[in-house]
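Architecture at a glance
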Amino acid sequence: KLRVVNRVDAAELPLDFSYVDGYVRSTQVPPPSGVMFPCSCGRDTGCGADCECMGVPYYGEGGLLCTDYTGPIYECNDLCSCTMECPNRVVQRGNTVEMDIFRTPKKGWGVSTRRALRKGEYVCRYTGELLSYSEAELRMSSDTTYLFDLDKEVPPGSRARFTVDARSFGNVSHFFNHSCEPNMAIRGVYIGHLDPRLHELAFFAIRDIQVGEELTFDYNPSGPRAADAEESTFHCFCKAPSCRKFIF
């Protein structure tokens with residue numbers, strides 16, 4: 001499903017990067033906790049809008065996410081009697097989008113889609129090393145960062161306890177670039193547990209995306225303040241009409 005395309009220079013994909021489909025958990029990260037419960041939907045009838053796992057109907061027809069919903073997504077789990085075709089098993093069925101990892105003139109590697117995507121369509125998860133916050137702090141540098149805090153359910157003013165680092169381990173999302181006008185958003189997803197500290201991170205299209213279009217998300221939705229812009233070392237090259245010129 002993946003191709004590598006470089007029509008810009010002689011660069012090759014990083015040799016110190018390992019492809020993984022899930023989290024590589026540090027010894028400082030505990031196993032997920034939280035008791036799972038099965039829904040009462042029948043195996044033959046399938047899960048509908050009243051499924052107890054779902055809570056609210058965030059998936060619509062064809063497994064498309066209702067993108068106005070920004071809360072956590074609770075998919076059916078191994079205790080449920082429904083099959084993998086259940087409409088509430090979107091992320092766990094895996095990625096079906098064919099993509100190209102391609103070289104850009106100023107942004108390093110990027111990712112584009114080889115087929116059109118519909119608004120709300122699931123793209124892939126963000127995977128990598130699962131670290132404690134203290135471990136992640138030691139890896140912060142002035143270079144491009146791949147650290148993503150698991151903070152989708154952290155109260156305002158509080159700090160995430162765990163972080164995903166996709167620098168050395170990850171999947172195609174390692175190569176997703178930033179845009180100030182992105183075509184994807186990321187949501188917190190629960191599949192095999194209910195531990196709010198250790199949710200999954202999943203990308204969904206937030207508008208229709210054309211064949212060959214680059215897949216992007218906003219690395220820093222709050223954006224740098226104008227007063228901080230001159231001190232930033234993370235320049236933005238997204239060329240969007242509303243480009244902030246800086247990422248961090």
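Residues numbered from 1 in each chain as written. Predicted model: local features only at pLDDT ≥ 70, side-chain atom pairs only at ≥ 80, totals over all residues. Heavy atoms only, no water.

**Describing the overall build of the chain**
A count of helices and strands for the chain gives 2 helices and 15 strands. The C-alpha atoms of the chain give 19 Å as radius of gyration, which agrees with the globular expectation for 248 residues (18 Å, within 12%). By the burial criterion, 45% of the 248 residues in the chain qualify as buried. Accessible surface, the chain: about 13100 Å² in total, of which carbon and sulfur atoms supply 51%. Looking at the chain, you have 27 positive and 33 negative side-chain charges, and the mean spots of the two groups are 3 Å apart. (Helix = DSSP H or I, 4+ residues; strand = E, 2+ residues; numbered from the N terminus. Rg over C-alpha atoms; globule rule 2.2 N^0.38 Å. Buried < 20%, exposed > 50% of the residue type's maximum accessible area, 1.4 Å probe, protein only. Areas by Shrake-Rupley, 256 points an atom, 1.4 Å probe, with all protein chains shown as cover. Lys, Arg positive; Asp, Glu negative; His and termini not counted. Charge placed at Lys NZ, Arg CZ, Asp CG, Glu CD.)

**Quick notes on the confidence of the model for the chain**
In the predicted model, the chain carries a mean pLDDT of 90, and the fraction of residues at 70 or more is 94%. Looking at the elements of the chain, mean pLDDT is at its lowest for helix H2 (residues 226–229), recorded as 52, and at its highest for strand E7 (residues 122–125), recorded as 98. (pLDDT = per-residue confidence, 0-100.)

**So, the sheet that holds strand E9 (residues 147–149)**
Here we have 4 strands laid out as an open sheet, ordered E3-E8-E10-E9, and mixed in their pairing. Whereas interior strands pair on both sides, the edge strands pair on one side only; in this sheet they are strand E3 (23–25) and E9. Pairs of neighbouring strands in the sheet enclose a mean axial angle of 30°, with direction left out of account. Across 3 bridges, E9 lies against strand E10 (residues 162–165) in antiparallel orientation. (Pairing = 2+ DSSP bridges. Axes fitted to C-alpha atoms, helices over the stretch in contact; angles between N-to-C directions.)

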